[in-house]
Amino acid sequence: MKALRNYLDRIKPQFREGGKFEKLHSTFDAFETFLYVPDSTTTSGSHIRDAVDLKRTMSVVLLALMPALLFGIWNTGYQHYLSLGQTASFGQIFSFGLWKVLPIVVVAYASGLAVEFIFAQYRKHEVNEGYLVSGMLIPLVMPVDIPLWMVAVSSIFAVILGKEAFGGTGMNVFNPALLARAFIFFAYPAQITGDTIWTAGLTKGTGVIDGFSGATPLARAASGAIDKLPSMHDLFFGFIPGSIGETSKLAIIIGAAILILSGIGSWRIMVAGLLGGVTITLIFNAVAANAYMTIDPLTQVMMGSFLFGMVFMATDPVTAAQTNRGKWIYGFLAGFFAIMVRVFNPAYPEGTMLAILLMNTFAPLIDHFVIESNIKRRLKRAKAVV
Amino acid sequence: MADTIKIKKGLTINLLGEATKEVSDYSPSEYALKPTDFTGVFPRLLVKEGDLVNAGTPVFHDKLKERIVFCSPVSGVVKAINRGEKRVLQEIVITPDEKLSYEDFGKLDSSSLSREEIIEKMVKSGVWPMIRQRPYTIIANPDDKPKSIFVSGFDSSPLAPDLSFVISSELPLFKAGMDVLMRLTEGKLHLGLPAGQNELAGIKGVETTFYSGPHPAGNVGVQIHHREPINKGDIVWIVNAQDVLVIGRLFQLGVYDPAVTIALTGSEAGKQGYLRTRKGASLKGMFPRDAKTEGNMRIISGNVLTGEKVRHDGYLGFYHQQVTVIPEGNHHEFFGWAMPGFSKFSFSKSYFSWLTPGKKYKLDTNLHGGERALVMTGQYEKVFPMDILPMQLIKACIIEDIDLMEKLGIYEIDEEDFALVEFIDTSKTDIQKIIRKGLDLVRKEMS
């Protein structure tokens with residue numbers, strides 16, 4: 001370890017101003033701080049600091065995403081062999097899934113990070129860790145049969161227009177991963193909708209057994225076939241077709257637990273989102289104008305990417321409402337609209353993505369009203385004294 | 001019956017190196033007054049090197065308010081006048097005499113004096129700088145009539161001295177000091193105490209409030225917020241509890257005797273205890289033999305959250321009642337952010353140290369990460385027990401929007417109220433500096 005440290009210290013001057021590799025300054029910093037926590041110390045104010053930093057924060061989020069990723073990999077293989085009507089061992093299933101999913105993850109990271117590094121160098125600041133999470137979220141919300149070049153294009157689009165155009169990490173209005181998903185949804189509608197893209201190999205359709213449709217529960221519900229919905233058992237554990245990371249509610253709940261216990265994810269948004277979703281479903285149940293409206297709240301919440309969105313997407317600290325009271329309102333409306341879009345508009349089987357992006361737009365407005373009410377309380381107090 | 005206010009938000013940082021409750025006397029070979037301790041004061045010297053001074057002889061005054069004088073804590077010779085960059089006055093060093101002699105300000109009971117006479121005596125004798133005002137935490141203007149006066153009877157910051165222990169041995173002086181303060185306001189004189197039995201409770205005419213909960217429950221700003229929040233235009237005076245003793249001494253004995261009992265704390269301070277000394281005491285010779293003050297150490301006058309970094313032969317700050325020694329953290333840590341971190345202290349539960357909540361930590365001055373954008377939201381609120389939006393106020397200070405700062409409550413806060421926010425901040429931003437700049441800007445704009 002000492003040798004590595006010495007080596008880094010030796011080559012460091014070449015990356016400083018006037019050095020040979022001045023242009024790779026940010027890149028060097030990114031790798032150095034990845035290997036070593038910097039030796040910088042406090043100067044005044046609080047002389048000691050909390051051990052947490054953005055790298056740690058982001059790695060905890062990544063850890064929370066791991067169950068969903070691992071299950072997604074397994075389920076990709078499982079759905080594939082199911083469509084072929086073959087039985088396969090766990091090893092076969094998992095390695096097939098890995099072979100399909102890993103390239104998507106690698107492409108999402110490579111393309112997005114490349115843009116991040118270029119912008120960091122151009123803006124002369126350190127590479128922010130935010131993309132470590134975005135780069136994992138993007139694959140998890142993609143259908144497995146997506147062409148890799150689309151993953152690359154949408155990741156690059158998300159970083160440039162979703163983040164850097166607003167000034168970089170911390171300044172963006174929309175969740176980059178959702179923006180990537182929305183981009184692909186509207187740019188290539190033919191490739192990302194339908195029943196076949198959710199199962200690896202189904203788009204080509206060779207060797208598929210009769211009767212296997214690959215339709216997601218949402219597609220079935222949208223077509224009114226609510227009697228053909230998978231069992232609650234399958235919905236909960238995730239033995240269903242869908243985007244890579246969204247299917248297993250158990251994996252998502254484990255992730256949510258990690259986020260809440262570590263104090264990094266906002267439990268307010270998650271709880272409020274769930275409340276919002278249940279509220280609108282109960283209203284629909286009362287109206288019951290069509291078959292979709294009669295689906296009970298539990299099934300609604302278990303279908304599609306609702307839970308995944310509320311746990312991992314809506315809670316993005318930058319694009320969510322920033323005040324605590326705002327987080328309640330924001331989360332509630334996100335959940336509310338997610339189910340509403342899905343039920344009212346069969347053209348968009350998945351409402352969660354659009355609902356959260358919509359709420360991203362309104363988050364600053366929600367915060368504005370929370371801040372105003374705080375200011376009014378203060379003014380009122382001043383008047384009461386006089 | 002006094003009220004108890006529960007402070008729920010906050011954080012107690014468990015550090016190694018608490019002072020044991022044994023008091024010894026400490027008479028250093030030098031004392032110094034540091035004009036930099038006083039926010040907003042432009043010092044003009046009244047002595048030169050070689051001059052003889054008594055305890056209570058004015059050493060410098062404020063150019064803008066010449067009435068406000070700053071007096072020598074001991075009798076002796078002015079040994080050196082140290083200036084820093086751009087000839088800014090840093091320290092006026094005084095070598096004490098064998099036997100102390102005091103300027104005589106006359107033994108007079110405060111009850112026989114008018115408010116103006118009391119103030120006049122406090123201003124002349126050099127105790128006035130102990131009376132500070134909120135907003136801005138600057139020395140109070142003697143011509144103002146404060147809405148109320150607040151004294152926090154306990155310090156909840158990490159490793160802070162137990163003020164009941166320090167003061168209870170001189171209770172009559174404390175009472176005399178409080179009687180003086182009572183005369184300075186038409187409003188209430190508040191005393192904040194920790195919940196439970198306390199020797200300082202029950203002083204006649206004093207509005208006592210008990211506070212339970214973690215740091216910053218002992219911060220006077222938090223206490224003001226919960227009892228008489230400051231609105232625009234309000235002025236509240238604040239006094240450190242130990243300074244009440246100095247005021248008591250002035251009226252009971254007629255002398256300026258800025259004695260202070262400090263706690264020697266921190267993981268590297270050796271055998272810790274309490275020291276009875278005076279404001280401005282030199283740290284040279286203060287530490288026991290087993291202390292590690294040489295080399296790679298951070299010596300802090302004050303506590304680890306708000307104190308000032310000083311040299312190992314530096315001087316105790318005017319408002320400080322604690323000296324802390326901790327290791328410097330200027331080392332690289334291999335994959336530090338990825339380790340399980342059983343021995344890393346974090347408010348978040350992202351390191352496994354949350355499994356051992358009672359553990360005491362030896363923390364160093366490492367930032368534990370690089371400076372980043374303000375990404376995490378909802379974090380600051382967890383350690384900020386006021387009805388103020390901390391993130392939004394910080395941002396208002398950054399963009400220098402005075403109107404917005406005012407609306408968001410800048411008058412109610414001080415940089416020390418943001419110390420915990422700065423401690424837990426993921427982005428490693430120097431938040432206390434931002435707040436101080438905001439406060440200075442508002443003050444300049446308002447005067």
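Preceding this paragraph is the structure being described.
Residues numbered from 1 in each chain as written. Chains lettered and ligands numbered in written order. Predicted model: local features only at pLDDT ≥ 70, side-chain atom pairs only at ≥ 80, totals over all residues.

K.L.:
Just to check I follow, could you spell out the environment of Ala110(A) for this structure?
P.N.:
Residue and element names in this part refer to chain A. Along the chain, Ala-110 falls in helix 4 (residues 90–123). Residue Ala-110 is classed as partly exposed on the basis of its 13 C-beta neighbours within 10 Å. Each C-alpha atom of the pair Ala-110 and Ile-339 lies 34 Å from the other, and the pair is 229 residues apart in sequence. (Helix = DSSP H or I, 4+ residues; strand = E, 2+ residues; numbered from the N terminus. Buried ≥ 20, exposed ≤ 12 C-beta atoms within 10 Å, placed from the backbone.)

K.L.:
Teacher, can you tell me more about the packing of helix 4 of chain A against helix 6 (residues 148–163) of chain A here?
P.N.:
To characterise two packed helices, one gives the angle between the axes of the helices and the distance between these axes. Residue and element names in this part refer to chain A. Running from N to C, helix 4 and helix 6 point in directions that differ by 35 degrees, and their axes come no closer than 8 Å. As helix 4 packs across helix 6, the resulting crossing turns out to be right-handed. In this structure, helix 4 uses Pro-103, Ile-104, Val-107, Ala-108, Ser-111, Gly-112, Val-115 and Glu-116 to contact helix 6, whose residues at the interface are Leu-148, Val-151, Ala-152, Ser-155, Ile-156, Ala-158, Val-159 and Ile-160. A per-class count over the contact of helix 4 with helix 6 returns twelve nonpolar, three polar and one charged. (Axes fitted to C-alpha atoms, helices over the stretch in contact; angles between N-to-C directions. Left-handed = near helix turned anticlockwise from the far one by under 90°. Contact = placed C-beta atoms within 7 Å. Nonpolar A, V, L, I, M, F, W, Y, C, P; charged D, E, K, R; others polar.)

K.L.:
Which parts of the structure should I look at to understand the sheet that holds strand 1 (residues 3–6) of chain B?
P.N.:
Residues and elements named next belong to chain B. Ordered by their spatial adjacency, seven strands build an open sheet running 1-14-13-12-15-10-11, and the pairing between neighbours is mixed. Each edge of the sheet is formed by a strand with only one pairing partner; in this case those strands are strand 1 and strand 11 (138–139). In this structure, strand 12 (residues 148–152) lies alongside strand 15 (residues 236–240), joined through five bridges in parallel fashion. Note on strand 15: the bridge partner recorded for Ile-149 is Trp-237. (Pairing = 2+ DSSP bridges.)

K.L.:
I would appreciate a short explanation of the nonpolar core in the present structure.
P.N.:
In terms of nonpolar packing, the biggest core is built from 226 residues, with Val311(A), Tyr330(A), Ala334(A), Val239(B), Val244(B) and Ile247(B) touching the most fellow members. Top contributing element to this core by residue count: helix 3 (residues 54–84) of chain A, with twelve residues. Residue contacts for Val311(A): discarding those within four places in its chain leaves Ile252(A), Gly255(A), Ala256(A), Leu259(A) and Met270(A). (Core = buried A, V, L, I, M, F, W, Y, C linked by C-beta atoms within 7 Å.)

K.L.:
Is there a simple way to think about unusual backbone geometry in this case?
P.N.:
A negative phi angle characterises most non-glycine residues, just as the trans form characterises most peptide bonds. Residue and element names in this part refer to chain B. A cis amide bond links Arg-134 with the next residue in sequence, Pro-135, at an omega value of 0 degrees. Assignment of secondary structure puts Pro-135 in the loop between strand 10 (132–134) and strand 11. The linkage connecting His-215 with the following residue, Pro-216, adopts the cis geometry, with an omega of 10 degrees. By the element assignment, Pro-216 lies in the loop between strand 14 (207–212) and helix 4 (220–227). Even without being a glycine, Lys-86 presents a positive backbone phi close to 55 degrees. Summarising the element assignment, Lys-86 is placed in the loop between strand 8 (76–83) and strand 9 (89–96). Positioned with a positive phi, Lys-428 is a non-glycine residue whose angle comes to about 60 degrees. The residue Lys-428 is located in the loop between helix 8 (419–424) and helix 9 (431–446) in this model.

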